[in-house]
Amino acid sequence: MATGFVSSNTCLVLNRRSDCCSSRFCHFPSSYPTTSSSSSSKSTLSTPKRASIRCQSTSTDEPKTKMNLFDNASNLLTNMLSGGSIGSMPIAEGAVSDLFDRPLFFSLYDWFIKYGSVYKLAFGPKAFVVVSDPIVARYILRENAFSYDKGVLAEILEPIMGKGLIPADLDTWKQRRRVIAPGFHSSYLEAMARLFTDCADRTVLKFDKLLEQEESRGGKAIELDLEAEFSNLALDIIGLGVFNYDFGSITKESPVIQAVYGTLFEAEHRSTFYIPYWKIPLARWLVPRQRKFQNDLKVINDCLDGLIQNAKETREEAEVEKLQQRDYLNLKDASLLRFLVDMRGVDVDDRQLRDDLMTMLIAGHETTAAVLTWAVFLLAQHPVKMKKAQSEIDAVLGQGRTTFEFLKKLEYLRLIVVESLRLYPQPPLLIRRSLKSDKLPGGYNGDKDGYEIPAGTDVFLSVYNLHRSPYLWDKPNEFEPERFLVPKESSIEGWAGFDPSRSPGALYPNEIISDFAFLPFGGGPRKCVGDQFALMESTIALAMLLQKFDVELRGSPESVELVTGATIHTKTGLWCKLKKRSNV
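Residues numbered from 1 in each chain as written. Predicted model: local features only at pLDDT ≥ 70, side-chain atom pairs only at ≥ 80, totals over all residues. Heavy atoms only, no water.

1. Topic: empty space enclosed by the protein
Heads up, the condition is: In this analysis the probe radius is 1.4 Å and the grid spacing 1 Å, with only protein atoms considered; a cavity is a set of points the probe fits into but cannot get out of, a pocket is an open set with protein on both sides within 12 Å along at least five of seven lines, and lining residues have an atom within 4 Å of a point. Grid points are joined across faces, edges and corners, and a volume is the space filled by probe spheres set on the points. Residue polarity follows a fixed list, in which Ala, Val, Leu, Ile, Met, Phe, Trp, Tyr, Cys and Pro are nonpolar, Asp, Glu, Lys and Arg are charged, and the others, Gly among them, are polar. Numbering goes from the N terminus for both helices and strands, where a helix is a DSSP run of H or I of at least four residues and a strand is a run of E of at least two.
The final tally for this structure, using the stated rule, is four cavities of 30 Å³ or more. Its boundaries defined by the atoms lining it, the largest cavity holds a volume of some 60 Å³. Every residue along the wall of the largest cavity is listed here: Tyr508, Pro509, Asn510, Glu511, Pro520, Phe521, Gly522, Lys527, Asp531, Gln532 and Leu535. Classifying every residue of the lining of the largest cavity by side-chain character gives five nonpolar, three polar and three charged. Looking at the second largest cavity, its volume works out to about 50 Å³. Forming the boundary of the second largest cavity are Ala200, Thr203, Val204, Phe207, Phe230, Leu233, Ala541, Met544 and Leu545. Counting only elements with at least two residues in the lining of the second largest cavity, the list comes to α6 (186–216), α7 (226–243) and α18 (531–548). Top element by residues in the lining of the second largest cavity is α6. It accounts for four residues.

2. Some words on the side chain of Glu419
Heads up, the condition is: Throughout, a residue-residue contact means that at least one pair of heavy atoms, one from each residue, lies within 4.5 Å.
Its location among the elements puts Glu419 in helix α16 (residues 411–423). Leaving out residues up to four positions away in the same chain, Glu419 has contacts with Glu478, Phe479, Glu480, Pro481, Arg483 and Phe484.

3. Topic: the environment of Lys439
The condition is simple: Polar contacts, as used here, are pairs of N or O atoms within 3.5 Å; protein pairs need one atom able to donate a hydrogen and one able to accept it. Residues neighboring in sequence count only if both atoms are side-chain atoms.
Inspection of the secondary structure puts Lys439 in strand β8 (residues 438–440). Spatially, the C-alpha atom of Lys439 lies 8.8 Å from that of Asp449, the residues being 10 residues apart in sequence. With near-sequence residues (within four places) excluded, Lys439 lies in contact with Tyr139, Asp449, Gly450, Tyr451 and Glu452. A polar atom in the side chain of Lys439 sits 3.4 Å from the backbone oxygen of Asp449.

4. Some words on the pairing of strand β7 (residues 429–434)
The cut-off we apply is this: Each residue is assigned to one of three classes by its accessible area relative to the maximum for its type, calculated with a 1.4 Å probe on protein chains only: buried under 20%, partly exposed between the two thresholds, exposed over 50%. Pairing between two strands requires that DSSP report at least two bridges joining them.
Most of β7 sits inside the fold, with five of its six residues counted as buried. In this sheet, β7 lies alongside strand β5 (residues 148–149) in antiparallel orientation, the contact comprising two bridges. Looking across to β7, one finds that Asp149 is bridged to Arg433. Both β7 and strand β10 (residues 458–462) contribute to a ladder of five bridges, which runs antiparallel. Directly across from Leu429, in β10, lies its bridge partner Ser462.

5. Regarding the UniProt feature "coiled-coil region" (unreviewed entry) in the protein chain
Keep this limit in mind: UniProt positions are given in the numbering used here, feature names are shortened, and annotations may be inferred rather than shown by experiment.
Per the UniProt annotation, the sites labelled "coiled-coil region" (unreviewed entry) are residues 301–328. Spanning residues 301–328, this segment combines 64% helix with 0% strand, and its end C-alpha atoms are found 27 Å apart.

6. Regarding unusual backbone geometry
Following Gln426, the chain continues into Pro427 via a peptide bond in cis, with omega recorded as 10 degrees. Following the sequence through the fold, Pro427 ends up in the loop between α16 and β7. Phi at Lys475 is positive, roughly 45 degrees, even though this residue is not glycine. At Phe516, a position not held by glycine, the phi torsion is positive, near 70 degrees. One can find Phe516 in the loop between α17 (463–467) and α18.

7. Let's talk about the pattern of salt bridges
Basically, it comes down to this: A carboxyl oxygen of Asp or Glu within 4 Å of a side-chain nitrogen of Lys or Arg is what we treat as a salt bridge.
Under the criterion given, the structure shown has 34 salt bridges. Between Glu143 and Arg138 there is a salt bridge, and its shortest N-O distance comes to 3.0 Å. Look at Glu143 and you get partly exposed, because its relative accessible area is 47%. For Arg138, a relative accessible area of 11% corresponds to the buried category. Where salt bridges share partners, they join Arg326, Asp333, Arg338 and Asp342 into one cluster.

8. Things to note about the sheet that holds strand β11 (residues 549–553)
Put simply, the test is: Angles shown run from 0 to 180 degrees and are taken between the N-to-C directions of axes, each axis being a line fitted to C-alpha atoms and, for helices, limited to the stretch in contact.
Pairing is antiparallel across the open sheet formed by three strands, whose spatial order is β6-β14-β11. Each of the sheet's edge strands pairs with one partner strand only, and the pair in question is β6 (222–225) and β11. Adjacent strand axes in the sheet meet at a mean angle of 35 degrees, parallel and antiparallel pairs treated alike. Judged from the five bridges that link them, β11 and strand β14 (residues 575–580) form a sheet pairing that is antiparallel. When the bridges of β14 are listed, Phe549 appears paired with Lys580.

9. Some details on the nonpolar core
Here is the rule we go by: The set of buried Ala, Val, Leu, Ile, Met, Phe, Trp, Tyr and Cys residues whose side-chain atoms join them within 4.5 Å is what this entry labels a nonpolar core.
Membership of the largest hydrophobic core comes to 175 residues, with the highest contact counts inside it found for Leu542 and Leu578. If you tally residues by element for this core, the top one is helix α13 (residues 350–380), at 18 residues. Excluding anything up to four places from it in sequence, Leu542 contacts Leu372, Ala375, Val376, Leu379, Leu413, Ile416 and Val417.

10. As for the packing of aromatic side chains
Condition: Note on ring pairs: Phe, Tyr and Trp rings are taken, using the six-membered ring of Trp, and paired if centres are within 6.5 Å. Classes follow the plane angle, with under 30 degrees stacked, over 60 edge-to-face and the rest tilted.
In total, this model carries 28 aromatic pairs according to the counting rule given. Measuring from centroid to centroid gives 6.3 Å for Tyr188 and Phe533, while their planes differ by 20 degrees, and the two rings are stacked. In this pair, Tyr188 is assigned in helix α6 and Phe533 in helix α18, connecting sequence segments 345 residues apart. Given a relative accessible area of 1%, Tyr188 falls into the buried group. Judged by its relative accessible area of 1%, Phe533 is buried. Within the aromatic cluster, the residues linked to one another by ring pairs are Phe105, Phe106, Tyr109, Phe112, Tyr444, Tyr464 and Tyr471.

Set out below in structure tokens:
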């Protein structure tokens with residue numbers, strides 16, 4: 001579940017129904033109007049036009065200006081209960097009912113353009129601070145990171161992930177981070193490149209067989225829901241790479257697979273439902289879906305407990321340096337679980353290991369599937385860019401297999417992956433809660449004296465707004481992978497602009513290169529520990545798909561309806577036409 005593997009930055013879109021209130025779903029048009037026609041950095045500082053992000057249930061791009069009774073009641077309640085407790089920043093109010101018509105992050109973008117990069121959102125009995133500024137994001141995530149925790153996010157995820165890295169309190173997080181982070185070392189990642197290739201091979205072989213069957217009937221293409229296929233692929237990779245378990249979900253179903261998806265759906269449900277009814281006494285036994293959730297958790301826990309017990313029975317203790325020097329390419333069990341169990345001096349209990357593994361399973365699986373889904377969605381609308389990617393793949397791989405060394409040469413494909421994450425960040429929001437009173441920087445065009453906030457303030461860091469900000473990016477709504485190769489000077493005081501040389505040797509652009517304008521995996525000490533795992537996994541899977549097949553959308557881009565919860569995903573799948581490449 002979101003922003004990458006073991007993302008400690010997973011966001012749950014609060015108080016939003018994932019079905020966007022019945023049949024009213026939002027979608028992206030096939031192409032976005034640009035918010036600035038000039039490529040100069042100075043021109044982007046002018047007041048931008050509103051990006052055209054439509055909802056099928058609305059007939060205008062303009063935000064609602066009249067308040068209804070519900071809006072007025074919500075604002076009154078906010079002002080009574082919390083309105084005066086958060087400092088003097090601009091207030092976005094009177095549009096709460098807009099949240100029932102489209103995903104929250106769309107409305108947050110409109111209010112960002114109207115009210116600025118730091119504003120207060122009046123939201124029923126609560127008020128939230130919404131941040132869409134790299135200077136403020138850098139302050140919260142890195143410069144003063146330990147003055148903030150995950151707040152309501154941790155409360156929602158704790159029943160599922162326990163004390164895993166995402167919902168863990170700071171003390172637990174510090175302890176587990178020191179143990180888990182060394183596991184994602186270079187030798188492990190090199191071995192994982194081979195694993196990613198092996199798993200992607202299963203998917204490609206499945207598609208080949210389906211195409212052969214179709215060709216025997218005189219057809220030349222097959223139609224598939226690639227979102228579902230990517231979800232299966234990601235689950236197999238996480239199982240093998242993290243705890244040495246082969247779900248085999250690409251070709252079969254099992255009770256464990258069904259339980260995993262059941263748990264994912266429940267996590268999504270809890271992230272978007274209005275009232276946490278599951279906390280009511282006896283709900284876990286009286287409510288059918290909660291009974292199913294408990295059963296799903298038991299199936300997964302039993303599986304993980306068995307894997308942990310097996311790993312402990314075959315434990316080979318060693319110092320961290322020795323573990324990192326193992327021959328992972330020829331190791332029978334190169335999983336992260338093996339590394340964690342074998343680490344000398346770390347006698348973690350089974351429950352903590354279970355929480356760690358569950359967090360990696362949930363976080364790593366859904367994010368990768370989403371990244372691949374939107375990368376294909378974008379490439380299908382830009383056939384010239386798809387052909388460019390395929391030419392690079394042919395030149396680098398030929399008819400060979402993807403390895404870590406080949407991955408380094410797939411520069412354009414790596415940029416496609418990160419540009420997809422820029423346009424469709426997973427998740428679109430990060431959530432933090434202040435542990436003590438603090439003063440936030442004013443950010444671009446904000447109060448130079450900053451904004452005082454009390455302890456307990458909930459903060460939405462809008463990754464979506466940062467990634468599409470007309471003040472930070474040229475042509476922010478256009479799909480341009482090449483943008484990450486070009487330095488961009490800043491005209492904003494306190495923001496260093498974009499400079500690839502700030503992170504020499506990095507395979508993928510990151511928050512350092514962009515000075516916190518690009519946050520696909522968060523930033524600072526609680527940044528996702530498995531970012532390289534997730535990015536490499538996505539790149540290799542995309543390379544193997546494009547190496548063998550041409551991909552087209554089955555319908556128009558507008559027909560791909562978007563819904564959100566923990567990640568941005570589709571309503572009914574990404575249905576595509578696949579056919580064998582004619583020049584392969």
